[in-house]
Amino acid sequence: MRDITRRGLLGAGLGTAVAITTAGCGSGTASGGGAAGPGTDRGAIPSSTPKPSPSPSPSTGRPIGDGSTADTGRQPHQPPKPVPLEPGETPPQFVVFSWDGAGEVGNGLFPRFLELARNHGAAMTFFLSGIYLLPESKKSLYRPPNNGIGASDIGYLTDDHIKETLTCIRRAWLDGHEIGTHFNGHFCAGSGSVGKWTQADWRSEIDQAVKFVTEWRTNTGWTGIDPLPFDYRRELVGARTPCLLGQDRLLPAAQRLGWRYDASSPGGRQVWPQRRQGLWDLPLQQVPFPGRSFEVLSMDYNMLANQSGNATQGVPARFPGWKAQARDAYLAGFRRAYEGNRAPLFIGNHFEQWNGGIYMDAVEEALKGMAGRKDVRLVSFRQFCDWLDVQDPAVLTKLRTLEVGQAPAEGWSTFLRAS
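Throughout what follows, the structure given in this document is the object of discussion. Just so it is clear, the model here is predicted, and its values are computed rather than measured.

### A few points about the overall build of the protein
Counting its secondary structure elements, the protein contains 12 helices and 12 strands. Every one of the 419 residues in the protein was classed for burial, and the buried ones make up 60%. Only carbon and sulfur atoms are counted for the fraction: they give 51% of the accessible area of the protein, which is about 15,100 Å².

### Brief notes about the packing of helix H1 (residues 109–119) against helix H2 (residues 159–174)
Viewed as axis vectors pointing N to C, H1 and H2 meet at an angle of 10°, and their least axial separation amounts to 10 Å. Relative to H2, H1 is oriented roughly parallel. Between H1 and H2, the contacting residues are Phe110, Pro111, Leu114, Glu115 and Arg118 on the first element and Cys168, Ile169, Arg171 and Ala172 on the second. Grouping the constituent residues of the contact of H1 with H2 by class yields 6 nonpolar, no polar and 3 charged.

### Describing the packing of aromatic side chains
This structure, assessed with the given rule, holds 25 aromatic pairs. Between Phe334 and Tyr338 the ring centres are 5.2 Å apart and the planes differ by 15°, which places this aromatic pair in the stacked class. Of the two residues, Phe334 and Tyr338 are both situated in helix H8 (residues 319–338); the distance of 4 residues between them amounts to about one turn of the helix. The class for Phe334 is buried, based on a relative accessible area of 1%. Classification of Tyr338 by relative accessible area gives buried; the value is 17%. Over the aromatic face of Trp222 sits the side chain of Lys163, whose NZ or CZ is 4.8 Å from the ring centroid.

### Topic: the packing of H1 against helix H9 (residues 358–370)
Direction vectors running N to C along H1 and H9 enclose 10°, while the axes themselves pass 11 Å from each other. Taken as axis vectors, H1 and H9 run roughly parallel relative to one another. Note on element contacts: H9 touches H1 through Met360, Asp361, Val363, Glu364, Leu367 and Lys368, opposite Leu109, Arg112, Phe113 and Leu116. Taken together, the residues of the contact of H1 with H9 break down into 6 nonpolar, no polar and 4 charged.

### Let's talk about the sheet that holds strand E6 (residues 261–262)
Read from one edge of the open sheet, 3 strands run E6-E8-E7, paired in mixed fashion. Taken across any chain shown, the strands that pair with only one partner, and hence form the sheet edges, are E6 and strand E7 (275–276). Helix H6 (residues 247–256) rests against E6, E7 and strand E8 (279–281) of the sheet, and its axis sits at about 145° to E8.

### Describing the pattern of salt bridges
In total, this model carries 24 salt bridges according to the counting rule given. Ionic pairing is found between Asp248 and Arg276, a salt bridge with its closest N-O pair at 2.3 Å. In this pair, Asp248 is assigned in helix H6 and Arg276 in strand E7, connecting sequence segments 28 residues apart. A salt bridge links Glu364 to Lys368; the nearest nitrogen and oxygen atoms lie 3.0 Å apart. Placement of the pair is Glu364 and Lys368 together in helix H9, with a separation of 4 residues, close to one helical turn.

### Here we look at H8
With 20 residues, H8 should reach 28 Å at 1.5 Å per residue; the first-to-last C-alpha distance of 28 Å fits that figure. Here the buried face of H8 lies against strand E3 (93–101), strand E9 (286–288), helix H7 (300–305), strand E11 (345–349), H9 and strand E12 (376–378).

### Some details on the environment of Gly369
Residue position: Gly369 is located in helix H9. Along the backbone, Gly369 and Tyr330 are 39 residues apart, and their C-alpha atoms lie at a distance of 9.8 Å.

### Considering the pairing of E11
The element E11 is extensively covered by neighbouring structure, given that 5 of its 5 residues are classed as buried. With burial as the criterion, each face of E11 is covered, one bearing Leu345, Ile347 and Asn349 and the other bearing Phe346 and Gly348. Across 5 bridges, E3 lies against E11 in parallel orientation. Within E11, the position partnered with Val96 by the bridge is Phe346.

### Here's the deal with the pairing of E3
Look at any regular strand and the pattern is simple: side chains alternate between the two faces of the sheet. Among the 9 residues that make up E3, 9 are buried, leaving the element largely enclosed by the rest of the structure. Sheet topology note: the E3/E12 ladder contains 3 bridges and is parallel. Bridging across to E12, Phe94 finds its partner in Arg377. Pairing analysis gives 5 bridges linking E3 to strand E4 (residues 124–128), with the strands arranged parallel. When the bridges of E4 are listed, Gly101 appears paired with Leu128. Assessed by its sense of winding, the connection that carries the chain from E3 through H1 to E4 is right-handed.

### Some thoughts on unusual backbone geometry
The phi angle at Cys243 is positive, at roughly 55°, despite the residue not being glycine. Looking at the secondary structure, you find Cys243 in the loop between helix H5 (232–235) and H6. By relative accessible area, Cys243 is classed as buried at 1%.

### So, H9
Compared with an ideal rise of 1.5 Å per residue, which puts 13 residues at 18 Å, H9 spans 18 Å between its outermost C-alpha atoms and is within 8% of the ideal. The complete set of buried residues in H9 reads Ile358, Tyr359, Met360, Ala362, Val363, Glu364, Ala366, Leu367 and Met370. Positive phi appears at Gly372, one or two residues downstream of H9, with a value of about 85°.

### A word on the environment of Leu250
Tracing the chain through its elements places Leu250 in helix H6. For the pair Leu250 and Asp262, spaced 12 residues apart in the sequence, the C-alpha separation amounts to 9.1 Å. Apart from the residues lying within four places of it in its own chain, the contact partners of Leu250 are Phe183, Trp202, Ile206, Thr241, Trp259 and Asp262.

The rules behind these values
- Residues numbered from 1 in each chain as written.
- Predicted model: local features only at pLDDT ≥ 70, side-chain atom pairs only at ≥ 80, totals over all residues.
- Heavy atoms only, no water.
- Helix = DSSP H or I, 4+ residues; strand = E, 2+ residues; numbered from the N terminus.
- Buried < 20%, exposed > 50% of the residue type's maximum accessible area, 1.4 Å probe, protein only.
- Areas by Shrake-Rupley, 256 points an atom, 1.4 Å probe, with all protein chains shown as cover.
- Axes fitted to C-alpha atoms, helices over the stretch in contact; angles between N-to-C directions.
- Parallel < 35°, antiparallel > 145°, perpendicular 65-115°, else oblique.
- Contact = heavy atoms within 4.5 Å.
- Nonpolar A, V, L, I, M, F, W, Y, C, P; charged D, E, K, R; others polar.
- Phe/Tyr/Trp six-rings, centres within 6.5 Å; stacked < 30°, edge-to-face > 60°.
- Lys NZ or Arg CZ within 6 Å of the ring centre and 35° of its normal.
- Pairing = 2+ DSSP bridges.
- Salt bridge = Lys/Arg side-chain N within 4 Å of Asp/Glu carboxyl O.
- Expected span 1.5 Å × (residues − 1).
- Right-handed = clockwise from strand over helix to strand, strands pointing away.

Coordinates in, geometry out; function isn't part of it.
This is the structure we're talking about:
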């Protein structure tokens, strides 16, 4: 039985009247996912028939730095520029599926969800851990704040898995997905925890994460592998911190870098978001937990923590029930928003096979249950920010007056007409 105490439940009790609200990143070595963004209504991100993604090929763009990345122009499979909601128009139902770590370790999960997203016209956000592109033999290049040289609470990838991760990240971007950051060493406990980092510590961690992505060719010595087809410094506009810790001191550093959002708030509610220190605050959210009196954070890790405690491989006989419970939690949160205040739904995941892989199956079934419905937009965080940024501030303020699950009493046409 493999435990997850290293990632930690951070002192939260199990089986209590409240769900665990702090998300950890699983004790394996990777996470990630992705495809393109849809929609049909005015004010929404328009949909299109999912198209096969281009096969990775040698870049014809402008090499950047040592050639680890290249500027290949506008990202493929992006939606048209969003427009403001018309008076009285019903807001779209946005759903963002995101993945922490974004590494492929040979279990096929990254390609699986790229294919799923492509088949359903979805875009996702992949928060890449920078050290997943740094060979362990070069780990002394990593100088984590308040931790030893080369230290990391997640494992370094093998050379083969770094190559697979490069292939998946390249394909994800070409499919239209967003590549964010999950930083590097994932320190959640002790004196070196990210929860204790200063603004300067966060800036150092960000700079190193970017450096590992933009200099993987130098660090690996590999010359026969295609570059990542994007300028990562320009691509990077948002993040999720390890275990959802340290946001207060991260935000000033992120704002100075021109980032647009942060997805690190714990215990968010299903209401329309607002800015915090200049960035859109896009938290994981509490959603109904079928069969329980409390709600659970919208992340696979927190489903696991409230089902099998600190065991990543619990009692197999319970796997079917746990899978159904996780899937139905996501769908209950979706229905509550879709039929209520239309607040965006944010779901976090990891490319892990906890409890026999049930959480991967649960999120796939949930996505299929959401895709294709009227007004539903499966988008990346960046695409959602694009939509937010063109809306009338008065409309967003009015939307924020709706409570969790609260639909306008007289309908959307009346509710937003005055705005």
